[in-house]
Amino acid sequence: MPLVKAGFVVLDRAEPEKLAVFYRELLDAEQTEATANRVEIRGADGTRLAFRRDVNATPPSWPRPENSLQAHLDFVVEDLDEAERRIVGLGGRPLDAKDAASPYEERGYADPAGHSFTLRLVAPTAPKQG
């Protein structure tokens, strides 16, 4: 029997319920638990996130160095443009970050509370040779 039953990435915010709605819609997720200070969701692919109430939480400033990257989420998508439209429609915003070149096409965003995350295009699979 495993010692750890589940793992979560936990994001702090003064109003965790609002941030949970953003990610629940983005990930086509279900709310699995809610208390006065925490909301948990599970995405259709099994991704688990939690949002904890912290009345003193301040948004990270990434990519600026002050109060920089506190946590970072990556999501793999098949269509970057469609995903961006959905993110903006849910209250997120694109980040104008000049990252080093990557072997994958990526775009950076901030959720409504300012936490950064990246969308990465599904890597194409080449047919087997020989």
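Everything below is about the structure printed above this text.
So, here is what we can say about the structure in this document. (Residues numbered from 1 in each chain as written. Predicted model: local features only at pLDDT ≥ 70, side-chain atom pairs only at ≥ 80, totals over all residues. Heavy atoms only, no water.)

1. Some remarks on the pattern of salt bridges
Scanning all chains against the criterion turns up 8 salt bridges. One salt bridge in this structure joins Arg52 and Asp54, with 4.0 Å as the shortest N-O distance. In this structure Arg52 comes out as partly exposed when scored by relative accessible area, which is 35%. Here Asp54 falls in the partly exposed class, since its relative accessible area comes to 23%. Across the pair Arg107 and Glu84 runs a salt bridge whose closest N-O atoms are separated by 3.4 Å. In this pair, Arg107 sits in strand 7 (residues 106–110) while Glu84 sits in helix 2 (residues 80–89), placing the two residues 23 residues apart along the sequence. The class for Glu84 is partly exposed, based on a relative accessible area of 26%. (Salt bridge = Lys/Arg side-chain N within 4 Å of Asp/Glu carboxyl O. Buried < 20%, exposed > 50% of the residue type's maximum accessible area, 1.4 Å probe, protein only. Helix = DSSP H or I, 4+ residues; strand = E, 2+ residues; numbered from the N terminus.)

2. Some thoughts on the sheet that holds strand 2 (residues 30–34)
Pairing is mixed in the open sheet, where 4 strands are placed in the order 1-4-3-2. In this open sheet, the two strands that pair with only one neighbour each are strand 1 (9–13) and strand 2. Taken over all neighbouring pairs, the strand axes of this sheet differ in orientation by 25° on average, direction set aside. The pairing of strand 1 with strand 4 (residues 48–53) spans 5 bridges and is parallel. Bridge assignment links Val10 to a residue of strand 4, and that residue is Ala50. In the packing of helix 1 (residues 16–26) onto the sheet, contacts are made with strand 1, strand 2, strand 3 (38–42) and strand 4, and the angle to strand 4 comes to roughly 160°. (Pairing = 2+ DSSP bridges. Axes fitted to C-alpha atoms, helices over the stretch in contact; angles between N-to-C directions. Contact = heavy atoms within 4.5 Å.)

3. Some details on the pairing of strand 2
Sheet topology places strand 2 next to strand 3; 4 bridges connect them, and they run antiparallel. From the neighbouring strand, Gln31 faces strand 3, where its bridge partner is Ile41. Between strand 2 and strand 3, which pair antiparallel and follow one another directly, the connecting turn spans 3 residues.

4. Focus: the sheet that holds strand 8 (residues 116–121)
One open sheet holds the 4 strands; their spatial order is 5-8-7-6, and the pairing between them is mixed. The sheet terminates laterally at strand 5 (73–77) and strand 6 (93–94), the two strands that pair on one side only. Pairing geometry for strand 5 and strand 8, over 5 bridges, is parallel. Within the sheet, the bridge partner assigned to Leu73 lies in strand 8 and is Phe117.

5. Details of the environment of Asn56
Topologically, Asn56 is positioned in the loop between strand 4 and strand 5. The class of Asn56 is exposed, set by a relative accessible area of 65%. The spatial distance from the C-alpha of Asn56 to the C-alpha of Asp12 is 9.1 Å, given a sequence separation of 44 residues.

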